[in-house]
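# Chain and residue survey
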2 protein chains.
Amino acid sequence: MTPDNGEPTGRVTPAPGSAAPQARTSTGSRPTQGTRLDSWIGSYADRTHGMRASEIRALFAVANRPEVVSLAGGMPNLAGLPMDAIAETTHRLLATRGTTALQYGSGQGDERLREQVLEVMRLEGIEAHPDDVVITTGSQQALDLVTRLFINPGDVVVAEAPSYVGALGVFRAYEADVVHVPLDEHGLVPEALDETLTRLAAAGRRVKFLYTVPNFHNPAGVTLSLERRPRVLEIAQRHGVLVVEDNPYGLLGFSGEPLPAMRSLDEDGIVYLGSFSKTFAPGYRVGWAVAPHAVREKLVLASESAILCPSNASQLAISSYLENHDWRNQVKAFREMYRERRDAMIGALGEHMPEASWTVPDGGFYTWVRLPDGLDAQAMLPRAITALVAYVSGTAFYADGQGSDHMRLSFCYPTPERIREGVRRLAGVVEAERELVEIFGTAAGREARIVEPPGPDLA
Amino acid sequence: MTPDNGEPTGRVTPAPGSAAPQARTSTGSRPTQGTRLDSWIGSYADRTHGMRASEIRALFAVANRPEVVSLAGGMPNLAGLPMDAIAETTHRLLATRGTTALQYGSGQGDERLREQVLEVMRLEGIEAHPDDVVITTGSQQALDLVTRLFINPGDVVVAEAPSYVGALGVFRAYEADVVHVPLDEHGLVPEALDETLTRLAAAGRRVKFLYTVPNFHNPAGVTLSLERRPRVLEIAQRHGVLVVEDNPYGLLGFSGEPLPAMRSLDEDGIVYLGSFSKTFAPGYRVGWAVAPHAVREKLVLASESAILCPSNASQLAISSYLENHDWRNQVKAFREMYRERRDAMIGALGEHMPEASWTVPDGGFYTWVRLPDGLDAQAMLPRAITALVAYVSGTAFYADGQGSDHMRLSFCYPTPERIREGVRRLAGVVEAERELVEIFGTAAGREARIVEPPGPDLA
């Protein structure tokens, strides 16, 4: 949509009343000039050289075309929200408390909203105090701030294999080394975690935290079992490693009550991240962190430095929504909608793609599909897009190049019918790939692979 | 308001169904336990050790009491906004485009809003393309991202003396060394800039950018003259130094047309930062950066890593406001309101505090007051608070401990009458200090100074 081809734009325009336009033409000591090249290529910080567009981002440009069934994105489906009622509530908020909603607020976040966050978290067994909560610009910002507080370049973050692509981007931005620990159908494998931490300690590596998504994992779709939760905590504690529990999907389980959060088992060893993006709406960008006292203080300072304060307009809108609407029932409606979509996807996979295998998520947005032997999810993607279906290659979810044998399919946004149609199309692509594998031994390498876009042209 | 005294809270609660509560009691290798102490003190990144609460932040707790006339804060006065009409517009937005407003958006920001930003910037002679604009969570986030892109620990940022306290906090967070360059009544002194950059180059220091607030400077209240603008640019260009032009107040001038922005004179050497916080409302947290093509691409990547995307709800609300309201006339009304307050403050200073000197700002929110000889703004602050008036000590605006002979007075928020009362109270405090100086030679040191709060108890 936005041209982004680096063409010269010729938009240098003399300013009205400019006394000395020579400033525009002098080249001085700048390495290069003109808009095609990067004049500042020699000036970037070390961390900037590792920046690159995520695979998912590069994919969005094509996957968002209406004729493509996108099983790629993680956008919640907002069609079920009572939009007129929300509009009414927001109207009243602005008309009665407008000068507060539109003003700067506290760096830690609105006190009433922090109390309401406690009500939300209580559903997962978390007991905390409003002072323990820091409101952030989505839980992504909380993750950025936690990483900022703890990571020196070269420090290790331990994360599940696979792991949330947006977290891997943050860890890379702070020049952390990510070490993956396997998960299985019951989530992160405690024995593997213990071994990994022992091995890293023996190698003299500094592990700063374990990053984990215990519920309805993105992308793996699995949930850390109740039995493993205290074991994971005990292992992290024994190794002196903080646990960052990222829990955007915890209330979106398809059966029974929400599992108790790890934060309900431990207070001092966990930074818990929560979000309204999946249970209400992401457009407000409101998430939160719950952290031990001293860490929480530093999170507030770091957030003030980064954004001064979170949006009062967003916070008060969410606070009003929680106050005036039956949000628990809305979450229940979301659960039922997503369960129906999960069923559509799992059913279609069973029907059309029997040679693959997949996780059956008990909540959340994603299933993690293992392709038949010899297929490469990254190499297959252009053929899938040509067949008007999109997914995310498993390689996006590893810091170390693994994952080409997997793809992430999301069932959150399209209708059940579109999901079934998308899986049908995908099955056709997979089948064609399998035939090629049978004939040539491999399906990969026949054409240019979509690897990560070349990204910033840095030396 | 929020207790923050580090007392043990005893809120560890067993989780329902917890299988192995021993995770809560095992101490393992963590250095310390309990909520009074920081278990993670040995885990923080190097940058975290430099984090501390700003002087302004520590002050807010007392200055916000209603009986205190606060000449300390930088909150815009929103009383003049047509709140009912804004509520109507927002209602319509949510009722008709709710699923867009409440959904994730683009990392770069809403395209329509980026076009509207161009209309705003055209008032200051800036010609750009919507692709050049990145929407951020307030311009504070833009500043954080620019610093993130360019600063390695130990790199130099050159900034005016004094400089915006929030910028100094960001530079410290990325472990930059700030080198100050003097300003006078016409803004940054070009000759001093040239000398400083020459000296730093000779010393082998890596200067990454010049941070400058050319219009109605915070805190100094001065404006970079038209004649100096191209000279500053030429000097920066000659030394290969990027210019970060921070311009939140540019449209809030009290006489004549807005000056052309430095960005109107140069395209490739400047990252321009703008904001709706002062011309509309800070509660949405919407600002922007305009950057050369390659830098802009990296800003988007950095912002996606930090927050995924800016709030669609906020962006679309502002976009609707700009579309449906006479925002130019609203800015004019703000200008007139702030001019009246400026006049009240300058008049009161002339009447009550003739031994001090001050800048007479031609726009913006602040005047910069030099105290009579021998007085110390930081030491005087507790006495001022006792006399029910607050300001910010000049020391907040330097990275190097200067500034105790100055204070920043803001005239943006209180009514003219309250401003006059505040200056009267302050004059009484200054007069009492002067008498002490005459008797004892100094007024400082008689009692505990309010220095920066002790902050995180880091080794």
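Further up the page is the structure itself.
Residues numbered from 1 in each chain as written. Chains lettered and ligands numbered in written order. Predicted model: local features only at pLDDT ≥ 70, side-chain atom pairs only at ≥ 80, totals over all residues. Heavy atoms only, no water.

### As for helix α12 (residues 377–386) of chain A
All names here are of chain A. When you tally the buried positions in α12, you get nine out of 10 residues, the bulk of the element. Within the sequence span of α12, burial applies to Ala-377, Gln-378, Ala-379, Met-380, Leu-381, Pro-382, Arg-383, Ala-384 and Ile-385. You can read the cap of α12 off the contacts: a side-chain oxygen lies 2.9 Å from the backbone nitrogen of Gln-378, and it is on Asp-376. At the C-terminal side of α12, Leu-388 shows a positive phi close to 65 degrees. (Buried < 20%, exposed > 50% of the residue type's maximum accessible area, 1.4 Å probe, protein only. Helix = DSSP H or I, 4+ residues; strand = E, 2+ residues; numbered from the N terminus. Polar contact = N/O pair within 3.5 Å; in protein donor to acceptor, adjacent residues only side chain to side chain.)

### Topic: the packing of helix α6 (residues 190–202) of chain B against helix α7 (residues 228–238) of chain B
Residue and element names in this part refer to chain B. Close contact between α6 and α7 brings their axes to 9 Å; oriented N to C, the two are set at 5 degrees. On the basis of the axis angle, α6 is roughly parallel to α7. Note on element contacts: α7 touches α6 through Arg-228, Arg-231, Val-232, Ile-235 and Arg-238, opposite Pro-190, Glu-191, Leu-193, Asp-194 and Leu-197. Each residue belonging to the contact of α6 with α7 can be placed in one class, and the counts come to five nonpolar, no polar and five charged. (Axes fitted to C-alpha atoms, helices over the stretch in contact; angles between N-to-C directions. Parallel < 35°, antiparallel > 145°, perpendicular 65-115°, else oblique. Contact = heavy atoms within 4.5 Å. Nonpolar A, V, L, I, M, F, W, Y, C, P; charged D, E, K, R; others polar.)

### Thoughts on the side chain of His-406 of chain B
Mapping His-406 of chain B onto the fold places it in strand β14 (residues 406–410). Discounting residues that sit within four places of it in the chain, His-406 of chain B has contacts with Trp-368, Val-369, Arg-370, Ala-377, Ser-393 and Gly-394 of chain B.

### Let's talk about the environment of Gly-422 of chain A
All names here are of chain A. Summarising the element assignment, Gly-422 is placed in helix α13 (residues 416–440). Using a relative accessible area of 0% as the deciding quantity, one classes Gly-422 as buried. Between the C-alpha atom of Gly-422 and that of Leu-81, which follows or precedes it by 341 residues, the distance is 25 Å. Here Gly-422 is in contact with Val-69, Leu-71 and Val-389, once residues within four sequence places are set aside.

### Thoughts on the environment of Asp-362 of chain A
All names here are of chain A. Relative to the elements of secondary structure, Asp-362 occurs in the loop between β10 (357–358) and β11 (366–370). Residue Asp-362 is classed as partly exposed on the basis of its relative accessible area, which comes to 33%. Separated by 139 residues in the primary sequence, Asp-362 and Thr-223 place their C-alpha atoms 7.7 Å from one another. In contact with Asp-362, not counting residues within four places along its chain, are Phe-216, Gly-221, Gly-253, Phe-254, Ser-255 and Arg-342. In terms of polar contacts, Asp-362 uses its side chain to reach the side chain of Ser-255, at 2.9 Å.

### Some details on the sheet that holds strand β13 (residues 392–393) of chain B
Residue and element names in this part refer to chain B. Read across the open sheet, the four strands follow the order β10-β11-β14-β13; overall the sheet is antiparallel. Two strands lie at the open edges of the sheet, namely β10 (357–358) and β13, each paired on one side alone. Packing of helix α10 (residues 327–352) onto the sheet brings it into contact with β10, β11 (366–370) and β14, and relative to β11 it is tilted by some 15 degrees. (Pairing = 2+ DSSP bridges.)

### So, unusual backbone geometry
Note that the residue after Asn-218 of chain A, namely Pro-219 of chain A, is joined by a cis bond; omega there is 10 degrees. Checked against the element boundaries, Pro-219 of chain A lands in the loop between β6 (207–212) and α8 (228–238). In this model, Ala-161 of chain B is joined to Pro-162 of chain B through a cis peptide bond whose omega is 5 degrees. Within the element layout of this structure, Pro-162 of chain B appears in the loop between β3 (156–161) and α5 (165–173). Unusually for a residue other than glycine, Arg-285 of chain B sits at a positive phi of about 55 degrees. Secondary-structure assignment places Arg-285 of chain B in the loop between β8 (270–275) and β9 (286–290).

By themselves, these observations are geometric and do not establish any function.
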